[in-house]
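Residue strings, one per chain:
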Amino acid sequence: MGKIDKFDNKYFGTQVTHTYLENEAPIRLPEGVEIKEGSVVILERENRNITNVTLGASLKSGGQGIIYECKELPNYVIKILFDNDRTTYYKKKLRELIKFSNTNSQICWPEGVVRKNDFFIGFLMPKVVGNNLSWLEHHTSAQILERYPNFDRKTQVKIILDVLKQFEYLHSKNILVGDVKLENIMFDEKTFSVTMVDMDSVQAGEFNCTQTTPGYDAPEVIMCQGKENYNKRFDNKDYMFISYYRDCYRSLENEYYAIAVLLFRFLMRENPYFYENFSSYEEECLDDDGDTKYGWTNEDFELKQCINFNFQYDTTSDKRSSEHIWSYFPSFLKQAFVNVFKHNERLSPQEWIVIFERYSKLLDTRLKKVDEGCNDIEPEFYMVYEDVDFPLNAEFENCGFNMVQAVQRCVEECGDSSLFSNVQQVAESLKSNPSCVVDDYRFSLVYNIGVLKKVKLEVV
């Protein structure tokens, strides 16, 4: 089979009659045939290279199958699918996926189809060792630091940038992750580098992703079956939007929303529309007889808040006194989340990368000067940055009768008090060098005519 560099993207965001799904049929093993540790199975890799391999110990059981070691290939594992997941559609999709020439070692891409005699049963993929990001979401800061003593906000941002670069790579190949969630991202427990797993569920070419996870679906998907239907229970086996994704291909906008949820949950350890005081809103969830509507839960209420873009945070205050994480974010990061969850303005991975690279620099410079607690994953106190602004991109140009006055005016307009002590030093430096960098600022001498000086300050 010929390798391909990327998949056709003509299916993004379209609704089609899916031939493969229409003709989908289960693949049942003959009676008495059992797949378990020690079973010998047939592996088909690139160019129909066929070998026999032996299943080792089972490592993990997930929603679609059981992962086994592969005795002959210690750097790989084999995922044996459950009966209901072994279908003709899945088999055709896996055969198409292994045609892709994946050059990214941080993407755990399927590399071969596994059979028992002539019956498709699973696939081969690289072995990934580590923990998943969901573990960090569901444990307290004390538990995280006990296991990872050096873990801090800078480490989190490093992980986020690594994750975003994997999304950027996949999107450049016209591949959507589809089932975006923290559980599908593993990290090395020493280096904190990440690996994307469960890549068999991606949307690639004419094969869509039929999996989804409650809380990551965009508002337009939640309302796809009518606004009145969002109040169905969160049950992964019968989750209402799985059927939607079987008929519709995801769009980049769907994925951008899910990425924003993933970033927010990783940083804040809660859903963007989570309500701690759900009980105070229960009257909205009761029918005329005082019974809970349709068995409403907190998660159902979050769906309602999501389709109404009722995001409880803003750029100027921390709405929840029990949490201080939000108050430590720079204004441009807060604004990015507000834009997504309140105004439905979504960002691509590339745009998020710009924001988090800027945040990473600030953690080592101005934020650190304002408060040492900026690096804590769960700060002890509420932070007020007062008049200190943290623009993502900014330029200030000012004229002065001398260099010191021009630099002073730039600093005053910028509003970062930490720069005031550097004014004289910068002015002296600009006399011999047209550019001077202080922390994450660049001062430049635009022109110098007589006694009138013009200086530009840029956030870099």
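Check the entry above for the structure.
Thresholds, definitions, all that
- Residues numbered from 1 in each chain as written.
- Predicted model: local features only at pLDDT ≥ 70, side-chain atom pairs only at ≥ 80, totals over all residues.
- Heavy atoms only, no water.
- Helix = DSSP H or I, 4+ residues; strand = E, 2+ residues; numbered from the N terminus.
- Expected span 1.5 Å × (residues − 1).
- Buried < 20%, exposed > 50% of the residue type's maximum accessible area, 1.4 Å probe, protein only.
- Polar contact = N/O pair within 3.5 Å; in protein donor to acceptor, adjacent residues only side chain to side chain.
- Pairing = 2+ DSSP bridges.
- Axes fitted to C-alpha atoms, helices over the stretch in contact; angles between N-to-C directions.
- Contact = heavy atoms within 4.5 Å.

Colleague: Go over helix 5 (residues 153-172), please, and point to the residues and values.
Modeller: Across its 20 residues, helix 5 extends 29 Å between first and last C-alpha, which sits within 8% of the 28 Å expected from 1.5 Å per residue. Along helix 5, 15 of the 20 residues are buried, which leaves the element largely enclosed by surrounding structure. Between the side-chain oxygen of the N-cap and the backbone nitrogen of K154 there are 3.3 Å, and the N-cap of helix 5 in question is D152. N174 sits one or two residues past helix 5 and shows a positive phi near 60 degrees.

Colleague: Can you explain the sheet that holds strand 15 (residues 452-459)? Please cite residues and give values.
Modeller: As summarised here, the arrangement of the four strands in space is 12-15-14-13, forming an open sheet in which the pairing is antiparallel. With one partner strand each, in any of the chains shown, strand 12 (395-400) and strand 13 (435-438) form the two edges of the open sheet. The average undirected angle you get between the axes of adjacent strands in this sheet is 20 degrees. Note: strand 12 against strand 15, six bridges, orientation antiparallel. Residue pairing in the sheet places C399 in a bridge with K454 of strand 15. Its contacts with the sheet place helix 14 (residues 423-432) against strand 13, strand 14 (441-449) and strand 15, and it is angled at close to 150 degrees to strand 13.

Colleague: Can you tell me about the pairing of strand 15, naming the residues and giving the values?
Modeller: With seven of its eight residues buried, strand 15 lies for the most part within the structure. Where strand 14 and strand 15 come together, eight bridges link them in antiparallel fashion. When the bridges of strand 15 are listed, F443 appears paired with L457. Hairpin geometry of strand 14 and strand 15 is characterised by an intervening segment of two residues between the two adjacent antiparallel strands and by a positive phi of about 60 degrees at G450.

Colleague: Break down the side chain of Q156 for me, citing the residues and quoting the values.
Modeller: For Q156, the position within the fold is in helix 5. In terms of polar contacts, Q156 uses its side chain to reach the side chain of R153, at 2.3 Å. Beyond its immediate stretch of four places on either side in the chain, Q156 contacts F151, F266, L267 and I377.

Colleague: Just give me the short version of unusual backbone geometry, but keep the residues and values in it.
Modeller: For N117, which is not glycine, the phi dihedral falls at a positive 60 degrees. On the secondary structure map, N117 appears in the loop between strand 5 (112-116) and strand 6 (119-126). Residues other than glycine seldom take positive phi values, yet D198 does so here, at roughly 55 degrees. Looking at the secondary structure, you find D198 in the loop between strand 10 (194-196) and strand 11 (203-204). Here D198 falls in the partly exposed class, since its relative accessible area comes to 26%.

Colleague: So what's going on with the sheet that holds strand 1 (residues 40-44)? Which residues, and what values?
Modeller: Strand order in this closed barrel of six strands is 1-2-3-4-6-5, and the pairing throughout is antiparallel. Between one strand axis and the next, the sheet turns by 45 degrees as a mean value, whatever way the strands run.

Colleague: A description of the environment of P391 should follow, citing residues and the corresponding values.
Modeller: Counting through the fold element by element, P391 comes out in the loop between helix 12 (366-370) and strand 12. Sequence separation of P391 and S331 is 60 residues, and the distance between their C-alpha atoms is 7.2 Å. Excluding its chain neighbours within four sequence positions, the residues that come into contact with P391 are F332, R358, R366 and V459.

Colleague: Describe in detail the pairing of strand 6, supporting the description with residues and values.
Modeller: Counting buried positions along strand 6 yields six of eight residues, so the element is predominantly enclosed. Judged from the five bridges that link them, strand 4 (residues 76-81) and strand 6 form a sheet pairing that is antiparallel. Looking across to strand 6, one finds that V77 is bridged to M125. Examined bridge by bridge, strand 5 and strand 6 share five bridges and lie antiparallel to one another. Looking at the pairing, G112 lines up with L124 of strand 6. Between strand 5 and strand 6, which pair antiparallel and follow one another directly, the connecting turn spans two residues, one of which, N117, has a positive phi of 60 degrees.

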